[in-house]
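Descriptive structure summary
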Amino acid sequence: MGMNGTPSGERVHIGFFGRRNVGKSSLVNAVTGQDLSVVSDVMGTTTDPVYKAMELLPMGPVMVIDTPGFDDEGSLGELRMQKTRQILHKTDVAVLVVDVQAGITPCDMQLLGLFREKEIPCLVAVNKCDLVKRAGQTIEAPDVISREGWHPIYVSAVRMENIQTLKESIASMSVLEDKPRRLAADLIRPLDMVILVVPIDSSAPKGRLILPQQQTIRDILEAGASSLVVRESELEDVLGSLGRRPDMVITDSQVFEEAAAVVPSDIPLTSFSILMARYKGLLETAVRGVTAIDRLQDGDRVLVAEGCTHHRQCEDIGTVKIPRLLQKFTGKELLIETSSGMGFPEDLSSCALVIHCGGCMLNEREVRWRMKRASQDGVPITNYGIAIAHMKGILARSIEIFPDVKKLLREEK
């Protein structure tokens, strides 16, 4: 995803599922209007999910996912099925592609059952209808589709028949909450001034700001307020020379302590990570989970999880800084494991705690699934910013602007 595009975490994720050789890739290409997926006559060509960002009106920015065939056999087949299930954790709308000549198979029913279990809105695209028409046969809806209330759309990817109808049907499936989610705009008023504290160190990407910082600046602009971006080393001088008090300070978690030391206590102070946790629906759970750090014992397993994959720097926050801080704060010998990207474990039962990144690259459904996984295994989950603020002794201040959440923290203690 380029800097000018809508971030993948902000896009509605549309997954195309089905058995091998039903024409998923051809249909994805027809819907997106470009040869993004590999199309061939060999069964099971797509071995990894293929992603394509596009605009789909009236839905807006979407991420289209072409998944591997679901009915492969043998060890490779099982691996593909596992990847397909991983895709379901982030799928907002599912399109089941079936072959008109084969009809609905037990494998398709298994997929439809998974969509229902995970409460994913879905529609059925019956592909290769041109073959049936050419043979002079009439197309009949498989009984099970009508009986179960799934409305089939008859298409031909090869002849581009009914593709527009399919796109309109996908776009009409409303999958996002009606209430607009905001990072910071609901916390400020027009003409307010917000200071953003951004360290530029070895782990900062060259020539740009990281995604949560970009998104926060955009959100502040939309609120009609102004933002002033400074490094932590200049923060104190800037505060003294402004001539007015800022209405809020938002800091990178890694320099929270330095910011808290120089920002007057009556000025609201929070972090990008805490705002992102609220934005993704993780804040309350993360505040409840953070006190588990105080109860860690020798030999406990802690998972530090990131939603994106990036080049690791020598002072990487997930693999270096948080583990170091944990060892220092707890004084315990902990077993610290890391995961990144889509590699979030299905089984967390061996963990005493999960510390997750802000989740800016994950859509809300994926973040909620990860929270649910932890909850089902009885494992507390928190996030980077909240864990750092807790271990630095400044969590109460950082969530001062969210009284209900601060009350939760007192209850957990």
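The following refers to the structure shown. Quick caveat, the model's predicted, so the values are computed rather than measured.

In this section: the overall build of the chain. Along the chain, the regular secondary structure elements total 16 helices and 14 strands. In the chain, which comprises 413 residues, the share counted as buried stands at 51%. Approximately 19000 Å² of the chain is accessible, and the part contributed by carbon and sulfur atoms is 49%.

This part takes up the sheet that holds strand 9 (residues 248–251). In space, the four strands of this open sheet follow the order 8-7-9-10, with parallel pairing throughout. A single partner strand is all that each edge strand has here, and the edge strands are strand 8 (226–230) and strand 10 (269–271). This sheet shows a mean twist of 25 degrees between the axes of neighbouring strands, independent of strand direction. Relative to strand 8, strand 7 (residues 193–197) runs parallel, the two being bridged by five bridges. If you follow Met193 over to strand 8, its bridge partner there is Ser226. Each of strand 7 and strand 8 is contacted by helix 8 (residues 232–241), which is oriented at about 150 degrees to strand 7, the strand it contacts most.

Axis separation between helix 11 (residues 283–290) and helix 14 (residues 384–391) bottoms out at 10 Å; the angle between their running directions is 35 degrees. Viewed along their axes, helix 11 and helix 14 form a crossing whose handedness is right-handed. On helix 14, the residues touching Leu283, Ala286, Val287 and Val290 of helix 11 are Ile386, Ala387 and His390. Broken down by class, the residue content of the contact of helix 11 with helix 14 amounts to six nonpolar, one polar and no charged.

Right, let's get into helix 10 (residues 272–279). Of all eight residues making up helix 10, seven are buried, and the element is well covered by its neighbours. Residues Phe272, Ser273, Ile274, Leu275, Met276, Ala277 and Tyr279 constitute the buried set of helix 10. Phi turns positive one or two residues past the end of helix 10, at Gly281, with a value near 80 degrees.

Further remarks concern unusual backbone geometry. Phi is positive for Asn21, close to 65 degrees, though the residue is something other than glycine. Note on placement: Asn21 falls in the loop between strand 1 (12–17) and helix 1 (24–32). Of note in the backbone geometry, Met160 takes a positive phi value of approximately 55 degrees without being a glycine. For Met160, the position within the fold is in the loop between strand 6 (152–154) and helix 6 (163–171). Assessed through its relative accessible area of 48%, Met160 is described here as partly exposed.

Our focus in this paragraph is the nonpolar core. In a soluble, globular protein the nonpolar side chains are often hidden away together inside. Leu326 and Ile386 are the most contacted members of the largest nonpolar core, which totals 67 residues. With sequence-adjacent residues up to four places away left out, Ile386 is seen in contact with Ile274, Ala277, Leu283, Ala286, Val287, Val290 and Leu395. Counting 26 residues, the second-largest nonpolar core is a separate cluster that includes Val22, Met54, Met59 and Ile153.

Conventions we followed
Residues numbered from 1 in each chain as written. Predicted model: local features only at pLDDT ≥ 70, side-chain atom pairs only at ≥ 80, totals over all residues. Heavy atoms only, no water. Helix = DSSP H or I, 4+ residues; strand = E, 2+ residues; numbered from the N terminus. Buried < 20%, exposed > 50% of the residue type's maximum accessible area, 1.4 Å probe, protein only. Areas by Shrake-Rupley, 256 points an atom, 1.4 Å probe, with all protein chains shown as cover. Pairing = 2+ DSSP bridges. Axes fitted to C-alpha atoms, helices over the stretch in contact; angles between N-to-C directions. Contact = heavy atoms within 4.5 Å. Left-handed = near helix turned anticlockwise from the far one by under 90°. Nonpolar A, V, L, I, M, F, W, Y, C, P; charged D, E, K, R; others polar. Core = buried A, V, L, I, M, F, W, Y, C linked by side-chain atoms within 4.5 Å.

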